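Each chain, letter by letter, is given below.
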Amino acid sequence: PALRRRGIHIGTHLRRCAGIDDRAFDPVDPLSELDMLTDRDFPVLDPEAGEAMRTRILAARADGDSVGGILETAVCGMPAGAGEPWFDSVESVLSHALFSVPAVKGVEFGDGFGLCDLRGSEANDPFCCDGEVIRTRTNRNGGINGGITNGMPLIFRCAVKPTPSVFKTQDTVDYRKPCNTELQLAGRHDPCIAHRACVVAEAVTALALADLLCVRFGTDYLNPER
């Protein structure tokens with residue numbers, strides 16, 4: 001609520017799961033898509049992709065195995081000027097928080113590793129005036145320049161590895177002897193946690209952004225009575 005009062009909206013969907021892709025957020029204006037996700041019982045933009053993901057998840061469960069996925073988060077309404085070029089860049093603060101979520105093994109912003117295949121003239125986001133608002137025509141860098149928000153939507157993705165607790169027999173070590181042995185799990189274990197991690201990514205993002213905003217604009221910035 002504190003961020004929403006400032007017009008900041010956060011949403012996360014399952015961009016990829018078990019080899020199935022959901023469509024990506026609109027990098028320039030994803031706000032309507034964030035609103036769409038609030039009514040979905042499975043966090044995807046394309047319901048058909050969601051059904052295909054569910055089928056793969058259930059197939060993994062039937063096989064005693066698990067699958068992972070990629071979360072994509074978009075933040076609309078974040079003002080320009082938060083963050084800094086060095087240790088507390090927007091990427092640094094968000095990555096620090098996101099990597100604290102169990103099973104997250106990778107984070108990329110904007111086009112991420114895809115930028116490596118482009119020339120600088122293609123990877124840059126040209127600035128322009130839209131009435132009295134300064135914005136960028138593209139958003140390949142995910143709303144961040146030099147570690148600082150530029151007013152465009154923040155776009156980033158997290159890689160969530162497959163659940164390690166599976167029912168297939170796995171090799172391990174009995175450290176007390178020591179010797180090689182096998183591990184066979186029992187009980188209840190989820191075949192996929194990626195779709196459940198969406199709300200966790202949103203909560204962690206909200207905390208990190210609130211901290212960045214308070215550092216930049218003061219702690220009263222999020223005061224509901226201000």
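As a starting point, this report considers the structure included with it.

Quick notes on the rules
- Residues numbered from 1 in each chain as written.
- Predicted model: local features only at pLDDT ≥ 70, side-chain atom pairs only at ≥ 80, totals over all residues.
- Heavy atoms only, no water.
- Buried < 20%, exposed > 50% of the residue type's maximum accessible area, 1.4 Å probe, protein only.
- Helix = DSSP H or I, 4+ residues; strand = E, 2+ residues; numbered from the N terminus.
- Contact = heavy atoms within 4.5 Å.
- Pairing = 2+ DSSP bridges.
- Axes fitted to C-alpha atoms, helices over the stretch in contact; angles between N-to-C directions.
- Phe/Tyr/Trp six-rings, centres within 6.5 Å; stacked < 30°, edge-to-face > 60°.
- Lys NZ or Arg CZ within 6 Å of the ring centre and 35° of its normal.

1. Let's talk about helix α4 (residues 90-98)
Restricting attention to buried positions, one finds in α4 the residues Val90, Val93, Leu94, Ser95, Ala97 and Leu98. In this structure, the buried side of α4 is in contact with β4 (104-109), β7 (144-145), β8 (148-149), β9 (154-160) and α6 (197-217).

2. Overview of the sheet that holds strand β2 (residues 20-21)
Reading across from one edge, β2-β1-β3-β9-β4 is the order of the 5 strands in this open sheet, with antiparallel pairing throughout. Every interior strand has two partners, whereas the edge strands, β2 and β4, have only one. As paired strands, strand β3 (residues 69-76) and β9 are joined by 7 bridges and run antiparallel to one another. Bridging from a neighbouring strand, Thr73 pairs with Phe156 of β9. Sheet strands touched by α4: β4 and β9. Its angle to β4, the strand with the most contacts, is close to 160°.

3. Regarding the packing of aromatic side chains
The final tally for this structure, using the stated rule, is 2 aromatic pairs. With a centroid separation of 4.8 Å and 20° between ring planes, the pair formed by Phe217 and Tyr221 is classed as stacked. When its relative accessible area of 30% is taken as the criterion, Phe217 is described as partly exposed. Its guanidinium or amino end placed over the ring of Tyr221, Arg6 lies 3.9 Å from that ring's centre, counting from NZ or CZ.

4. Topic: the environment of Val173
Summarising the element assignment, Val173 is placed in strand β10 (residues 170-174). Since its relative accessible area comes to 48%, Val173 is described here as partly exposed. Between the C-alpha atoms of Val173 and Arg196, which are 23 residues apart in sequence, the distance is 31 Å. Ignoring any residue separated from it by four or fewer positions in sequence, one finds Val173 in contact with Cys179, Asn180 and Thr181.

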